[in-house]
Amino acid sequence: DERERSGGPHRVVDMLFVHAAALSLTELDAVRRLNARSHRHECEACLRAWPTIASAPSCRSIATTPRLVGSDALVAPGNAPFGSRALVHATVEPVLAPETCADIIAEAEERAAADGWGSRYTLQSGSDELHLADLPRASAAVAAALPDIAAIATAALLPPEHKPSDLRVLNALVVRYDAARSKDHMAPHGDANLLTVNVALSAGHEGGGTWFLAVRGGEAEEEDADYVDGESDGGGGGVGRGSDEEAEYLAEIEEQHAKAKVKDRFWRRDADFIADDDEEEEEG
């Protein structure tokens, strides 16, 4: 929660820098190896849960409309691995057929009628969600579409050397907004994963959409578009923000990210020193 309230993934970098400074090189190397092993195990578990992504084609031709991040201060130093400020793309064609979306909604409503809605995963008070692991029909539909979705997201957001089949699904949720119950938004936040795919399941209602803070000041996008985005701050839901509040929030995030860039320069300097030290040990 603290990370999301204070500007997304860069907060993690800040915390890592502060804690790593107190470690010896031997301890830091052990932490690095432990993190790599944990990441490998997590990727293996994600592949077991969503195996169809391994069959993703190397490319998928579908048009997307890029949305540029409004300021260099809002992207990581070097903006790796994206290499572009076009961190949000809206697909011109839907990634799921209308009948598939309708069936996902129906299954979610059926499950919620028995067990209730809640916010056990995103811990948001302004929205409800269910995990796709609890929705067999929805899981099967998304699994079938996943290879193409991965290919679309990779082509839109990552350099050519990245393969769609190397991506892994960390989480998959159906989120419901209900204005009548004041469940009509998510607070502005940053997802901790590399890529996020937002699919608009419903249409025909007034208002709604996805608000991307970093995109040209954070204007809300149309409610029936499907989005793939990288590590950009944003919020979901049907509420808008006044221009003064947007400007204030944008300035705060820019300041935090500027500080993160300064710390990152020191972190990269230390990391290069460690890499050189490792090479010397291997040569010895």
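Since this is a predicted model, take the numbers as computed values, not measurements.

Conventions we followed
Residues numbered from 1 in each chain as written. Predicted model: local features only at pLDDT ≥ 70, side-chain atom pairs only at ≥ 80, totals over all residues. Heavy atoms only, no water. Core = buried A, V, L, I, M, F, W, Y, C linked by side-chain atoms within 4.5 Å. Buried < 20%, exposed > 50% of the residue type's maximum accessible area, 1.4 Å probe, protein only. Helix = DSSP H or I, 4+ residues; strand = E, 2+ residues; numbered from the N terminus. Contact = heavy atoms within 4.5 Å. Pairing = 2+ DSSP bridges. pLDDT = per-residue confidence, 0-100.

## Quick notes on the nonpolar core
Part 1: One finds Trp50, Leu132 and Leu195 to be the most contacted residues of the largest nonpolar core, which totals 36 residues.
Part 2: Of all the secondary structure elements, the ones that give two or more residues to this core are α4 (98-115) and α5 (136-157).
Part 3: No other element matches the 11 residues that α5 contributes to this core.
Part 4: With residues near it in sequence (within four places) discarded, Trp50 still touches Leu132, Ser139, Val142, Ala143, Leu146, Val169 and Ala172.

## Focus: the pairing of strand β4 (residues 173-176)
Part 1: With burial as the criterion, only one face of β4 is covered, namely that bearing Val174 and Arg176; the residues Leu173 and Val175 on the opposite face remain uncovered.
Part 2: The pairing of strand β3 (residues 128-131) with β4 spans four bridges and is classified as antiparallel. From the neighbouring strand, Asp128 faces β4, where its bridge partner is Arg176.

## Regarding the confidence of the model for the protein
Part 1: Confidence in the prediction of the protein, expressed as mean pLDDT, is 75, and 67% of residues score 70 or more.
Part 2: Mean pLDDT across the elements of the protein ranges from a minimum in helix α1 (residues 2-5), with 37, to a maximum in α4, with 95.
Part 3: Contacts from residues 237-242, a stretch scored under 50 in pLDDT, to residues over four places away or in other chains number 13 contacts.
Part 4: Confidence drops under a pLDDT of 50 for residues 267-284, and excluding neighbours within four residues, the segment shows 12 contacts in the predicted structure.

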